[in-house]
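Observations on chain architecture
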Amino acid sequence: MQTQEFNTILKQQEARNKIKEGVKIATELVSPTLGHSSRRVLIDQSFGEIISSDDGTTILDKTELEDSQENLGLKIARECAGKTNQDEGDGTTTTTIILNELVQQLLKGNDKDDLSFKKVSGANLKVRKQIQEGLKKVLDYIDKNKIEITNNEQIAFVGKVSSNDANIGNILAEIFEKLGKDGAVSVEEGKSTETTHKIVEGMSFNQGWIAPQFVTDPEREEAVLDDGVNILVSCKKLQDVEDVEKIAELVRTGINNMLIIADDVSGVPLNSMVANKLMGHIRVAAVKAPQSGGIKDILADVCAATGATLIGDEVQIKDLTKAHLGGADRVVVSKDKTVIVGFSGDKEKINERISQLENRKLEQESEYEKEKLTERISKLKTGVGSIKVGGNTPMEIKDKKAKIDDAVSAVKSALRGGIVSGGGVALLLASQVIDDNEGENILKKAIQKPFEQILENADIYDNLKDKVLESGEGYNTETEEFCDMVKSGIIDPANVVKSAVSNAVSSALMISNLGASVNLVRKVKDNNNQENA
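Residues numbered from 1 in each chain as written. Predicted model: local features only at pLDDT ≥ 70, side-chain atom pairs only at ≥ 80, totals over all residues. Heavy atoms only, no water.

**Digging into the overall build of the protein**
Let me state the cut-off plainly: Here a strand is any run of E in DSSP of at least two residues, a helix any run of H or I of at least four, and the numbering for each starts at the N terminus. Only the C-alpha atoms count toward the radius of gyration. The rule for a globule is 2.2 Å times the residue count to the power 0.38. The buried label goes to any residue with under 20% of its type's maximum accessible area, the exposed label to any with over 50%, and the partly exposed label to all in between, with areas taken from a 1.4 Å probe on protein chains only. Pairs of residues are marked as contacts when any of their non-hydrogen atoms sit within 4.5 Å. Per-residue and other accessible areas were derived by the Shrake-Rupley procedure at a 1.4 Å probe size, with only the shown protein chains allowed to occlude residues. Positive: Lys, Arg. Negative: Asp, Glu. His and the chain ends are not part of the count. A charged residue contributes its charge at one atom only: NZ of Lys, CZ of Arg, CG of Asp or CD of Glu.
Scanning the protein from terminus to terminus reveals 18 helices and 21 strands. For 533 residues, the compact-globule estimate of 2.2 N^0.38 gives 24 Å, and the C-alpha radius of gyration of the protein, at 26 Å, lies within 12% of that figure. Taking the principal axes of its C-alpha atoms as reference, the protein extends roughly 75 × 70 × 45 Å. Here the protein holds 533 residues, and 53% of them are scored as buried. Here the analysis covers contacts within the protein between residues at least 6 apart in sequence; of these, 75% occur between residues at least 24 apart. Surface accessibility of the protein: about 25,200 Å² in total, with carbon and sulfur atoms responsible for 45%. Computing the positive centroid from 68 side-chain charges and the negative centroid from 86, the protein places the two 3 Å apart.

Okay, here's the thing in structure tokens:
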């Protein structure tokens, strides 16, 4: 058997039609999942359990089309929605719906090998500029009309709308009330039918994995270490052969799960960790030390919490033993954040460290330094939220965990950037500020689509759009009544809405001047010279 690789090339309108179709298929898959009356998509896999999901990210990640050129269009939709999910943790379906409407309008079929809007909407550059100007107006409208979160009930509403589950909203409201807006939340699969939550000892800092090969959960792009984690903390760079030899000695003693926090990890040590992780010899993740303030001082907090000895200070890497390692129950490392759950440090030493920081805070005159010390004290005192997801079947648990992960991200986004009317109403009302020209009319129609789709999913086909635009009130598809969306608890994080429309416009404009597409195709030739794609 021999595998051959070659490119297929499509030009002009033929390429554009395939891309359009791929984006359309992606949208038809995820659009029924939007809103209170969302539908589910059942996904079969070549291995593992069947997935039942109403999460746009999960659906697009698990979908590949047989037509490789159409699959390019689906990939564009996946990457566009994925950018929104990466930035804000929610809003993927809204992004895809807006993207599709823009693409369908910009690449309308015609008999010429031109872009459609050269014929019906003026020059390419002119329309692109008009859409970008319209986008600025929409973003300004959202900024001017967003509301800061001021109470616990609003947090519960955000969680409920994101997950379509009031209980999840209430759980998150309780957790963030105790932890504050910068609180860290760990979500894991439980072993019972009930979803439980509590505040446990733990801390987080804004540094993620150094290499993507450490990731154990590709869907979330997270490296998850559990069942007891050993933690090495170093204020020096790990970059020499001697460094990795000492770590290898520890691995040979039976250590499996290991988090390495260091000034940096590179060269032979990094390559060795990646290789051993990929071969299954050890579950490991390496992250850079927090960079705010002096590195030794910040790492002293981590050492107190985990019971680790700071390597590179009084103890050097050559003297490293198992006794110098700290510990935790669980560690989750994303692209830009590390969450440590369950401290192994001595209670007295943790309290002693808290007292040191509190005394330094009293001596500080700088408000900035006081704020930073308050954050550090809070991380040692308040802990992290721990949610264990329950359910009757693995499929139910995985689905619920994905919903809670998204809801956590939505709440954090809302706490950072405020809230706006949900149910597609914020973008519908924002469409009123758009001018009447070819490009902005295309954008106007696109940002009204989420509202229309939510009504369609609820089997409501009355023309309610004009009534909402006239009254300024939204429409509750659950009660089938006009209402003040914010007061009724139907709200979206402002940053999610802004990210969705911004990413959709960016991707649509990239596609709009498409002249050709090149796609890699693999064919397997057997010994009888028969080819199989």
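**Digging into the packing of helix α14 (residues 394-417) against helix α18 (residues 494-512)**
Stated precisely, the cut-off is as follows: Helix axes are fitted only over the stretch in contact, all axes being lines through C-alpha atoms; the angle between N-to-C directions runs from 0 to 180 degrees. Between 65 and 115 degrees an angle is taken as roughly perpendicular, under 35 as roughly parallel, over 145 as roughly antiparallel, and anywhere else as oblique. Charged residues are taken to be Asp, Glu, Lys and Arg, nonpolar residues to be Ala, Val, Leu, Ile, Met, Phe, Trp, Tyr, Cys and Pro, and polar residues to be all remaining types, Gly included.
Orientation of α14 relative to α18, taken along the N-to-C sense of each, is 100°, at an axis distance of 7 Å. The angle between α14 and α18 falls in the class roughly perpendicular. Contacts from S413, R416 and G417 in α14 reach A494, N495 and V496 in α18. Its residues assigned to classes, the contact of α14 with α18 shows 2 nonpolar, 3 polar and 1 charged.

**A closer look at the nonpolar core**
We apply this condition: What we call a nonpolar core is a set of buried Ala, Val, Leu, Ile, Met, Phe, Trp, Tyr and Cys residues that are connected through their side-chain atoms within 4.5 Å.
In terms of nonpolar packing, the biggest core is built from 54 residues, with F214, M258, L259, I260, I261 and I340 touching the most fellow members. Excluding anything up to four places from it in sequence, L259 contacts L225, V229, N230, I231, L232, A285, V287, V331, V333, T338 and I340. I43, A77, L106 and A426 belong to the second largest nonpolar core, which has 47 residues in total.

**Some points on the side chain of R78**
Mapped onto the elements of the fold, R78 is located in helix α3 (residues 68-88). On the accessibility criterion, R78 (16% relative accessible area) is buried. The residues contacting R78, other than those within four sequence positions of it, are L60, D61, T63 and E64.

**What about the confidence of the model for the protein?**
Spelled out, the test is: Each residue gets a pLDDT score, which is the predictor's confidence in that residue and runs from 0 to 100.
Here the protein averages 87 in pLDDT, and 93% of its residues register 70 or above. Here residues 110-123 is a poorly scored stretch, pLDDT under 50, and it has 31 contacts once near neighbours within four places are set aside; other chains count.

**Describing the pattern of salt bridges**
For side chains bearing opposite charge, pairing can occur when the charged atoms are close. Put simply, the test is: A side-chain nitrogen of Lys or Arg and a carboxyl oxygen of Asp or Glu constitute a salt bridge if their distance falls within 4 Å.
In the structure shown here, the tally under the stated rule is 32 salt bridges. With its nearest N and O atoms 3.5 Å apart, the salt bridge here joins D459 to R39. Within this pair, whereas D459 is found in the loop between α16 (438-457) and α17 (465-471), its partner R39 is found in the loop between α1 (12-30) and β2 (41-43), the two being separated by 420 residues in sequence. The partly exposed category is assigned to D459, whose relative accessible area is 47%. Residues E358 and K381 are paired through a salt bridge, measuring 2.9 Å at the closest nitrogen-oxygen approach. Here E358, found in helix α12 (residues 347-363), pairs with K381, found in helix α13 (residues 367-382); they are 23 residues apart in sequence, far enough to count as distant. Overall, the relative accessible area of 30% leaves E358 in the partly exposed class. The class for K381 is exposed, based on a relative accessible area of 54%. Salt bridges here are not isolated pairs; linked through shared partners, they connect D297, D301, R353, R360 and R376.

**Structural notes on the sheet that holds strand β5 (residues 196-200)**
Our working rule: Think of it this way: DSSP has to see at least two bridges between two strands before they count as a pair.
If you trace the 3 strands from one edge of the open sheet to the other, you get β4-β15-β5, paired in mixed fashion. What marks the edges here is a single partner per strand, and that holds for β4 (185-189) and β5. Taken pair by pair, the neighbouring strands of this sheet meet at an average axis angle of 20°, ignoring direction. With 5 bridges joining them, β4 and strand β15 (residues 384-389) adopt parallel strand pairing. Within β15, the residue paired with E189 across the bridge is V389. Against the sheet, α14 makes contact with β4 and β15, and its axis sits at roughly 170° relative to β4, the strand it touches most.

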